[in-house]
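Fold and geometry: a report
These are the residues of each chain, in order.
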Amino acid sequence: MIAKLKSIVLASVMIASLALAACSQAASPTTVVEQQPTTAVQAPAATEAPTAAPAATATPAPIPTATSLPAGGTLTIGMANEPGTLDPGAAVYVQEQFVLISLFDSLLSVSPDGALHPALALSWQPNANFTEFTFKLRQDVTFHDGTPFNAEAVKASFDHIMSDAVLDSGGKSLLKSHKYKETVVADPSTVTVKFDDSYPTFLRDAGRQWMSISSPTALAKYGKDYGRNPVGTGPFKFVKWDAQSQIVIERNPAYKWGPEFAAHQGPAYFDQVVFRILPEAATRLTAFETGEILLAGDPPALDASAMADSGKATLQSFALPGVPAILMINTKKAPTDDINVRKAMILAVNQAELATNAFHKLGIPAYSVVSPTTWGYDAKAASLYHYNLDEAKQLLEKAGWTDANGDGIREKNGEKLTIDWPDNPSWSEAFNELIIGYMKDAGIDVKYRSMDDTATSNELLAGNYTLVYMYWTRPDPSPLRNLFHSENLNGGGAWTNFSNADLDAALADASTNVDENARKQDYIKAQQIIMENALVMPMFAVNTTYLIAPSVQGFTFDLEGYPWLYDMSMTK
C-alpha cells in the first residue's frame, strides 16, 4: 500500500499512501512503454498543487476505441509478499492493492495524469465545506455474484469499513480521521456520504482501492471470511487463493464499464492472471528467466538492469510519491530518547551511496520524510541532514557514547550503544545490511531481528523496537497525520512516540483545510518539525519495478505505481 505499510493501521494506515496513502494528486507521470526492451524510470512531477475540489459534476467522455491487441492467455506475476486480505475495506498493504485494483471498482477513477473520471459514479457534487458528497450512480453494473450495483451497495461498503468487523485499515483510517458520519441512500442511483469534518480530498480517496465497493450479498454471506472470498465489479473475478503459493483471478466477461481513459473498453484481454508468491528476489528473477512468470515485481536491480540492457526484457520503474523509505525512530526508548543519538544515526547514512548500491541506476536518495516527487515537498527540511560521519561521531561523543574498549561499538555507563530493529527481511533485503554497516561505522550496534509481518507488528505493539521500516505511497503528504499525529500513539501508527502540539495542529489543519496554500504550508511546517526533531532516518524514494517479458504488451502503471492489468495483453 500501500506502501510498505508495516501494520500502520493495525490500530490507526499505511497511510499507506499507503496511503497511501494516497489523494490529492500532483501532476503524475506519462507512462513509458516501448516495444523494444528498455529501462524506464518514471516520477510524478511535484509542481502542480492538488485540487481540493474537482469540478462539481462530471460525465463520461466518449468511449475510446478498443485496440486490436490479441485477447486470451494467462499472465503470471511474481510478487514478493502475500496479501493479508482481499477485503478492500480491511486492506493495508501494497500487495493487497495490486490484486484489488483488478477485482474491484471504486466510485471514481483517477487517470495517470491525476484527473478524476467517472467509474461506478457518473457524477458527483460536494457541498460548500466538503463534508457531504453526493454521487449519481451507474445503473448497468452487476457484481461478480450477480448482485446489482446500487446505492445500497455503496452504503453497505462504507458501513462495513467503519464496522467492528474491520479492526483498522487504510480506508478506515481515512474515514475516521475525517469523522465519517453516515452514508445516506436517496434512491437506488443516488447516495450521499457525510462527514463531521471537512474532507477536501475525499473525491480523490473515493477513487482508491481502499474504498472500493463490495457486493453486499457477499459481505453478509462470508462475514469474517470475506477477505478470502472477495466479490467486486472489476474486470477480473476471484477464483482461488492457495495460501503462501498463489492467487488466481479470471476475466469478467460481463465487464463493460472500464474507465474512459482506458486504452480499450469491454472485458480485459487476459483469460486469467496468476499471482505467484515468491518472497526471494533471486527466486523471482529465476522464475522470470525460465518463463514461469511473465512479470517479476521488484527484481534484483543490477540483474534486472542487465537483462533489460541485453534485450531480454523490459524494465519499468515508477518513483512513488508520498513518504519515501524511512526508518521511524522510537523517541521513548533508550538510547534513541536522546536527540543527539537520533541525529547521529541520520548523519551516518550515506543516502546517495545506499540508493546506488541497493538499486543500481534506479535508486533515488531521499533526505526527508516526504519524497521529492510529492506535492508539498519542503526542500528546507530535506537540507538538514546529509551524510557526515565525523559529525555523527561528534554528536555521539557529546551524548556520552565512547568506544572505551576499542571493539568498534560505543558504550556508556557499561551499556553498549545498541538499537533494536525487528523486521521482515522480504521488505528490506536490498538495504538492511547497508544500514547495519553505516550504523557500525558510527559505533552503533544494530540488533536486527528477522521475522514475518505478524510477529513484527506484535513487537511494535509491545514497544519492543528502536526502528520501524515504513513507506507510504500517496501523491500528497497526508500520510504524515497517520504517522506522526499524537492521536495515533499507542499502536496507531505513530511509531516514533513523539508528541508535539504544533505538529498535531499543523497535521490536523492540513487534513481538513480547503485552502490548498494553507494545507501546503501546514505540511511544510510538519516536515520541518519532524526533521528538526530527528524522528526518522530517510533512505530512498521507493521505486516499484517490474521486469516484463517481451510477450506482454500494454504494460502501464496506475496513478500510484500499481501495474494496471486491464489494458495488458499477450502476443501469441
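Residues numbered from 1 in each chain as written. Predicted model: local features only at pLDDT ≥ 70, side-chain atom pairs only at ≥ 80, totals over all residues. Heavy atoms only, no water.

Quick look at the overall build of the protein
Where we set the bar: Strands here are runs of E lasting at least two residues and helices are runs of H or I lasting at least four, both read from the DSSP assignment and numbered beginning at the N terminus. The rule is simple: take the accessible area with a 1.4 Å probe, protein chains only, and divide by the maximum for that residue type; under 20% is buried, over 50% is exposed, in between is partly exposed. Accessible areas in this description were obtained via Shrake-Rupley with a 1.4 Å probe; residue shielding takes into account the shown protein chains only.
In terms of helices and strands, the protein carries 17 helices and 23 strands. Counting all 572 residues of the protein, 62% fall into the buried class. Split by element, the accessible area of the protein, about 19,700 Å² in all, is 49% carbon and sulfur.

Concerning the pairing of strand 5 (residues 121–126)
Rules: DSSP bridges decide pairing: two strands pair if at least two such bridges lie between them.
Across five bridges, the pairing between strand 5 and strand 6 (residues 132–137) is antiparallel. Bridge pairing links Pro126 to Phe133 in strand 6. Counting the residues between successive antiparallel strands, the hairpin from strand 5 to strand 6 contains five residues, one of them, Phe130, with a positive phi of roughly 60 degrees.

Concerning the layout of surface pockets
Take a probe with the size of a water molecule and roll it over the atoms, and the empty space left behind shows itself. Which entries qualify depends on this criterion: Note on definitions: the grid is 1 Å and covers protein atoms alone; a cavity is a set of points where a 1.4 Å probe fits but cannot get out; a pocket is an open set with protein on both sides within 12 Å along at least five of seven lines; lining residues have an atom within 4 Å of a point. Grid points are joined across faces, edges and corners, and a volume is the space filled by probe spheres set on the points. Side-chain classes are defined by residue name, with Ala, Val, Leu, Ile, Met, Phe, Trp, Tyr, Cys and Pro counting as nonpolar, Asp, Glu, Lys and Arg as charged, and the others, Gly among them, as polar.
For the largest pocket, the calculated volume is near 1,000 Å³. Every residue lining the largest pocket is counted, 37 residues in all, and those nearest its centre are Pro83, Gly84, Thr85, Tyr93 and Glu96. Contributions of two or more residues to the lining of the largest pocket are made by helix 1 (94–103) and helix 14 (453–462). Counting residues per element, the lining of the largest pocket draws most heavily on helix 14, at four residues. Classifying every residue of the lining of the largest pocket gives 15 nonpolar, 14 polar and eight charged.

Observations regarding the sheet that holds strand 20 (residues 536–540)
As a reminder of what qualifies: Helix axes use the C-alpha atoms of the stretch in contact, all axes being lines fitted to C-alpha atoms, and the angles between their N-to-C directions lie in the range 0 to 180 degrees.
One open sheet holds the three strands; their spatial order is 19-14-20, and the pairing between them is antiparallel. Strands with a single pairing partner mark the edges of an open sheet, and in this sheet they are strand 19 (467–473) and strand 20. Averaged over all pairs of adjacent strands, the angle between strand axes in this sheet comes to 30 degrees, irrespective of strand direction. Here strand 14 (residues 322–329) pairs with strand 20 via four bridges, running antiparallel. Bridging across to strand 20, Met328 finds its partner in Val536.

Regarding the packing of helix 9 (residues 351–359) against helix 13 (residues 432–441)
Rules: Comment on the angle field: the value is read as roughly parallel under 35 degrees, roughly antiparallel over 145, roughly perpendicular from 65 to 115, and oblique elsewhere. By definition, turning the near helix anticlockwise from the far helix through less than a right angle yields a left-handed crossing, and turning it clockwise yields a right-handed one. Contacts are assigned to residue pairs with any non-hydrogen atoms lying within 4.5 Å of each other.
For the pair helix 9 and helix 13, the least separation of the axes is 10 Å and the interaxial angle reads 150 degrees. With respect to each other, helix 9 and helix 13 are oriented roughly antiparallel. The handedness of the crossing between helix 9 and helix 13 is right-handed. Residue-level contacts link Glu353, Leu354, Asn357 and Ala358 of helix 9 to Leu434, Ile435 and Tyr438 of helix 13. Counted by class, the contact of helix 9 with helix 13 contains five nonpolar, one polar and one charged residues.

Describing the pattern of salt bridges
Applicable threshold: Note on definitions: salt bridges are taken to be side-chain nitrogens of Lys or Arg within 4 Å of carboxyl oxygens of Asp or Glu.
Considering all chains together, one arrives at 20 salt bridges under this definition. Glu292 is paired through a salt bridge with Arg276; the nearest N and O atoms lie 3.8 Å apart. With Glu292 in the loop between helix 6 (281–289) and strand 12 (295–297) and Arg276 in strand 11 (residues 272–277), this pair connects stretches of sequence that are 16 residues apart. Through salt bridges with shared partners, one network takes in Asp205, Arg474, Asp476, Glu516 and Arg519.

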